[in-house]
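As a plain string of letters, each chain reads:
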Amino acid sequence: MIVIKTPEDLARMRVSGRLAAEVIEELARRVGPGVTTKELDDLARELMAQRGGRSAFFGYRGYPGQTCISINDEVVHGIPGPRRIRLGDIVSLDVGVVYEGYVGDTATTVMVGVSDPEVVQLVSTGRRALEAAIGMAVAGGRLSDISHAIESTARAAGYSVVRDFVGHGVGKAMHEDPQIPNFGPPGRGPRLKPGMTLAIEPMINRGGHEVEVMDDGWTVRTRDRSLSVHFEHTIAVGEGAAEVLTWPGPK
Ligand code: MF3
Ligand code: CO
Ligand code: CO
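Cut-offs used in this document
- Residues numbered from 1 in each chain as written.
- Chains lettered and ligands numbered in written order.
- Predicted model: local features only at pLDDT ≥ 70, side-chain atom pairs only at ≥ 80, totals over all residues.
- Heavy atoms only, no water.
- Core = buried A, V, L, I, M, F, W, Y, C linked by side-chain atoms within 4.5 Å.
- Buried < 20%, exposed > 50% of the residue type's maximum accessible area, 1.4 Å probe, protein only.
- Helix = DSSP H or I, 4+ residues; strand = E, 2+ residues; numbered from the N terminus.
- Contact = heavy atoms within 4.5 Å.
- Pairing = 2+ DSSP bridges.
- Axes fitted to C-alpha atoms, helices over the stretch in contact; angles between N-to-C directions.

## Structural notes on the nonpolar core
For step 1, the next point in the chain: Judged by nonpolar contacts, the single largest core of 28 residues is most densely connected at Ile146, Leu198, Ile200, Ile204 and Ile235.
For step 2, the next point in the chain: Per-element tally for this core: the top contributor is helix H3 (residues 117-135), with seven residues.
For step 3, the next point in the chain: Setting aside its immediate chain neighbours within four residues, isoleucine 146 contacts Ala133, Met136, Ala137, Ile180, Leu192, Leu198 and Ile200.
For step 4, the next point in the chain: Counting residues in each nonpolar core, the second largest holds 21 residues, with Ala44, Met48, Ile69 and Ile71 among its members.

Printed below as a string of structure tokens:
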């Protein structure tokens, strides 16, 4: 069942979305050579607490981190730890904040002194895939229009999309209906309606689409060890263009 949010729900979703955006923006600024992923995760805990929120991830199915931090060929769900980020890495950050019972979920991939133009191209394709998908999140359209926009953006640039993980509805729960695959034909699935809040999250690989879960039970990696990028926003379908909820507010 897809939960349609009331104006009161949406007002709260705007706050949790803004907080998630502020936290990820600050983390992205701190990503750099020599920084450990645990240091970033600890900072995330502080930033969320300072704002009166908490992690939507910690304890979710036993997940041990505050955030997910996935480097290079890691796709999603990297557990923060003592590993140090290095020059040339691409680092995917995923932040979920609960504030007054509502979740904001957002992700981005940061380049750490990347000079290879092919890697820059991969990262910018991930960002463009998310933007194209948000552009399709309009009332009267169909859910799979979002999916198709992601797949076609990725394929046109010569990349593949991860099939084993999907975007999702989001609200009082981090994962609500519907599931939003990052591939598929347009014009299928439920019709999009004002008040739907969706976490749209393309995961795009430089090589093949296959992924595998590591022995820690969480970290997802590309099977061929090719680089992978992840971008995510929580959006609200409205009467016109979608509203991006995971956007930082005025400073
Ligand atoms: N935020 C992820 C998503 O985008 C889910 C993380 S689950 C966790 O759907 F357990 F790893 F936190
Ligand atoms: Co997320
Ligand atoms: Co999500």
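## Details of the sheet that holds strand E14 (residues 233-236)
For step 1, the next point in the chain: An order of E8-E7-E9-E14-E15 is seen for the five strands of this open sheet, with the pairing classed as antiparallel. One side of each edge strand has no neighbouring strand; the edge strands of this open sheet are strand E8 (176-180) and strand E15 (243-244).
For step 2, the next point in the chain: Summarising the sheet, strand E9 (residues 197-200) and E14 pair through four bridges and their orientation is antiparallel. Paired with leucine 198 across the two strands is isoleucine 235, which belongs to E14.
For step 3, the next point in the chain: Where helix H4 (residues 143-156) meets the sheet, its contacts fall on E8 and E9, and the angle it forms with E8 comes to roughly 40°.

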